[in-house]
Amino acid sequence: MSDIGVHSNVYQRVRDYGELIDEVILGLSSTADVRTDASRRELGELLVGVAVAPPPDLRTAWLGMLIGGADPSARKEWECVGRALLSTTVDPEVVDKLRELARRLEERRTEALAKMRGVGT
């Protein structure tokens with residue numbers, strides 16, 4: 001796979017995670033419907049999965065790499081956020097953590113886009 005293909009793949013994955021996080025944040029900020037409940041459950045399971053070794057699937061492994069790398073404390077922190085999303089009530093602190101995650105992923109997406117364009121390589 002070419003460098004552009006690799007960076008395009010990273011870009012797409014990060015974009016997909018970002019859209020999921022945005023949907024969950026919006027759902028938590030308004031009245032939940034079935035679609036946002038499914039997204040919340042999906043994101044919660046992904047975040048819980050980042051603390052599992054080995055990760056349950058490739059999608060979870062990618063997210064773990066993007067948000068915590070090999071740092072077990074970061075993975076544990078995101079696992080707690082995931083468990084909160086899977087619970088019946090969500091603290092405003094969890095929404096703040098999701099916004100932080102969205103910002104971090106947006107930075108990664110921007111980096112991947114720059115690399116696809118040949119900037120900063």
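Reading the values: rules and limits
- Residues numbered from 1 in each chain as written.
- Predicted model: local features only at pLDDT ≥ 70, side-chain atom pairs only at ≥ 80, totals over all residues.
- Heavy atoms only, no water.
- Helix = DSSP H or I, 4+ residues; strand = E, 2+ residues; numbered from the N terminus.
- Buried < 20%, exposed > 50% of the residue type's maximum accessible area, 1.4 Å probe, protein only.
- Contact = heavy atoms within 4.5 Å.
- Axes fitted to C-alpha atoms, helices over the stretch in contact; angles between N-to-C directions.
- Parallel < 35°, antiparallel > 145°, perpendicular 65-115°, else oblique.
- Left-handed = near helix turned anticlockwise from the far one by under 90°.
- Core = buried A, V, L, I, M, F, W, Y, C linked by side-chain atoms within 4.5 Å.
- Phe/Tyr/Trp six-rings, centres within 6.5 Å; stacked < 30°, edge-to-face > 60°.
- Lys NZ or Arg CZ within 6 Å of the ring centre and 35° of its normal.
- Salt bridge = Lys/Arg side-chain N within 4 Å of Asp/Glu carboxyl O.

Let's talk about the overall build of the protein chain
Phase 1: Helix and strand content of the protein chain: 5 helices and 0 strands.
Phase 2: The linear arrangement of helices and strands in the protein chain, starting from the amino end, is α-α-α-α-α.
Phase 3: For the protein chain, the residues scored as buried account for 37% of the 121 residues in total.
Phase 4: Summarising the internal contacts of the protein chain: among those between residues at least 6 apart in sequence, 64% fall at separations of at least 24.

Digging into the packing of helix H4 (residues 72-86) against helix H5 (residues 92-116)
Think of two packed helices as two axes; the pair is described by the angle between the axes and how far apart they sit.
Phase 1: In the contact formed by H4 and H5, the axes pass within 10 Å of each other and the chain directions differ by 125°. Looking at the two axes, H4 sits oblique to H5. The two elements H4 and H5 cross, and the hand of that crossing is left-handed. Contact residues: Glu77, Trp78, Val81, Ala84 and Leu85 in H4; Val94, Lys97, Leu98, Glu100, Leu101 and Arg104 in H5.

Details of the nonpolar core
Phase 1: Ile21, Leu43, Leu47, Ile67, Leu98 and Leu105 are the most contacted members of the largest nonpolar core, which totals 27 residues.
Phase 2: For this core, the secondary structure elements donating two or more residues are helix H1 (3-29), helix H2 (34-49), helix H3 (58-67), H4 and H5.
Phase 3: Here this core takes 8 residues from H1, the largest share from any one element.
Phase 4: Those residues in contact with leucine 43 that lie beyond four places of it in its chain are Leu20, Ile21, Val24, Leu85 and Leu98.

Description of the packing of aromatic side chains
Aromatic rings considered in pairs are described by the distance between their centres and by the relative angle of their planes.
Phase 1: Enumeration over the complete set of coordinates arrives at 0 aromatic pairs.
Phase 2: Over the ring of tryptophan 78 we find lysine 97, and its NZ or CZ is 5.0 Å from the ring centre.

Considerations on unusual backbone geometry
Phase 1: With omega at -10°, the peptide bond leading from alanine 53 into proline 54 counts as cis.
Phase 2: When you line up the elements, proline 54 lands in the loop between H2 and H3.

Considerations on the pattern of salt bridges
Any two side chains of opposite charge can pair, so long as their charged atoms come close to each other.
Phase 1: Going through the model one piece at a time under the given rule, you end up with 9 salt bridges.
Phase 2: Between glutamate 42 and arginine 59 there is a salt bridge, with its nearest N and O atoms 2.6 Å apart. You can see glutamate 42 sitting in helix H2 and its partner arginine 59 sitting in helix H3, a full 17 residues away along the chain.
Phase 3: For glutamate 42, a relative accessible area of 31% translates into the label partly exposed.
Phase 4: One salt bridge in this structure joins glutamate 100 and arginine 104, with 3.7 Å as the shortest N-O distance.

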